[in-house]
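Breakdown of the fold
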Amino acid sequence: MTNVAPTDWTIGYCTNVHAGTEIESVKKNLEQFAVPARIEAGLDMLGVGLWLPAKAASQLVGQADEFAKFLRQRHLQPYTINGFPYDNFHQDVVKHAVYRPTWEEPARLEYTKQLAEILAAILPDNPAGGTESMGSISTLPIGWPTQSDGGQPDDTAKRMDAAGKQFRDLAIFLQDLESKTGRRIVVAIEPEPGCLLDTTIDVVDFFHSQLPEAGHRRHLTVCHDVCHSAVMMESQSDVLNQLAAAGITIGKVQVSSAVVADWQSMAIGRRREAIEQLKHFAEDRYLHQTMRLTATGQNMLVEDLPELIGRVAKDGDPVWGDDRWVVHFHVPIFLERFGHLTTTHAEVLDCLQTLAAPNSDVDFTGHLEIETYAWSVLPESMRKRGLAEDIAGELMWLRRSIIESY
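The numbering scheme is per chain: residues are counted from 1 as the chain's sequence reads. Per-residue local features are limited, in this predicted model, to residues with pLDDT of at least 70; the limit for side-chain atom pairs, both in listing and counting, is 80 or more; totals at the level of whole chains, interfaces and linings are taken over all residues. Neither water nor hydrogens contribute to the side-chain values; these are computed over all heavy atoms in the structure.

- An unreviewed UniProt entry annotates the chain as Xylose isomerase-like TIM barrel of Rubripirellula reticaptiva.

Below you can see the structure in the form of structure tokens.
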């Protein structure tokens, strides 16, 4: 078991909110935003979930000592890396490109190995004085179902087998890295709506068929993204307990919140006003998968919010009597309601309480990473302060909420 008490959890924010694909850009962003956020939050040390695109990672391999010194001098603690976006996460249109290369492609394996070597080199020593320091890397759930050039669904079983082989190769690499460095790096597969692995059942089945051995699972884990599971309308406690029952470690938790349209609480006129609000979230950069809970109790996933907005009825009930929509759009985690819309704020609290429960069987590394990466595309009304101050606000809210959860 790697379970860590809430008092020893590591808390930080994901730096994929900042643009830049080269290491100098990464350092500039940390200087400009992470350091002021640490000071604003009143912290002696701030955890940073690094995002190192492929170009920056290639620049750092074998030369990470200077970067480690840079982080120490600014009181920034590296503990996790977001290894999901491979390339420029801030180009004008990202959408499905974020799922390339997939886990069948050699480039994804090589990139993840690079990240593991870098993280092992820059991790601080274990503060408890032990010999093991742990770092985590989140990664994509194999890929999107239609990655072939023709846009047709690929052979899913074949893709699962190819990805499984690469993950097993990665486990061997990580075992060797730990024996050489004393640093245990876990790679955490992150389910996402619409991907080949998007539900907890998908993840459990993949681990059962492809990663059944204890040697695999020491280094291959799951990244639990609160927003993603909320979009899939899964109970936070059910997800965490299912993973525990399957013997799968939570490598890290990405603390994030989705947008909710609770249609049954609105009259038809209010529903039209809420649709107008939602139009501000139907932007062109990122994919915003949306789950519909229909009037008949069915869950129907729509690939992207703009597609759904384009289909709303012009006359009568604009949302066909649906009960609610949950939108994959990472909004500030402390936000509960804005206008006619709400958020999955309550699911964040449920997740924290489940993890902190004294009798919990959940095997958790203690790594929490705030991932509100969409500040730059949020409606202007929700971006009233500077980015560093907004990041600090989320950090302070999360720290208070963890204390209240146990």
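Past the structure itself, the notes keep going.
1. Points about the overall build of the chain
- The helix and strand tally for the chain stands at 13 helices and 14 strands.
- Considered along the principal axes of its C-alpha atoms, the chain spans approximately 65 × 50 × 45 Å.
- The buried label applies to any residue whose accessible area, calculated with a 1.4 Å probe on protein chains only, is under 20% of its type's maximum; exposed applies above 50%, and partly exposed to all values in between. A buried classification covers 58% of the 406 residues belonging to the chain.
- Any two residues whose heavy atoms approach within 4.5 Å are treated as being in contact. Within the chain, contacts between residues at least 6 apart in sequence are counted, and of these 80% link residues at least 24 apart.
- In this count, Lys and Arg are taken as positive residues and Asp and Glu as negative ones, while His and the chain termini are left out. We put the charge of a Lys on NZ, of an Arg on CZ, of an Asp on CG and of a Glu on CD. Mean positive and mean negative side-chain charge positions of the chain (36 and 56 charges, respectively) differ by 3 Å. Each helix is a run of DSSP H or I of at least 4 residues and each strand a run of E of at least 2, with the numbering of both proceeding from the N terminus.

2. Looking at the environment of Thr 221
- For Thr 221, the position within the fold is in strand β6 (residues 220-225).
- With a relative accessible area of 0%, Thr 221 lands in the buried category.
- Each C-alpha atom of the pair Thr 221 and Met 232 lies 20 Å from the other, and the pair is eleven residues apart in sequence.
- In contact with Thr 221, other than residues within four places in its own chain, are Val 186, Val 187, Ala 188, Ile 189, Phe 207, Thr 249 and Gly 251.

3. Overview of the pattern of salt bridges
- Any Lys or Arg side-chain nitrogen located within 4 Å of an Asp or Glu carboxyl oxygen qualifies as a salt bridge. Summed over all chains, the structure comprises 18 salt bridges.
- We note a salt bridge from Lys 95 to Asp 304, for which the minimum N-O separation is 2.6 Å. Of this pair, Lys 95 sits in the loop between β3 (76-82) and α4 (106-122) while Asp 304 sits in the loop between β10 (299-302) and α11 (305-311); the two residues are 209 residues apart in sequence, bridging distant segments of the chain. For the pair Lys 95 and Asp 304, a shared accessibility class is recorded, and that class is buried.
- The closest approach of N and O atoms between Arg 270 and Glu 273, which form a salt bridge, is 3.8 Å. Of the two residues, Arg 270 and Glu 273 both sit in helix α10 (residues 268-279), three residues apart, roughly one turn of that helix.
- Overall, Arg 270 belongs to the partly exposed group, its relative accessible area being 46%.

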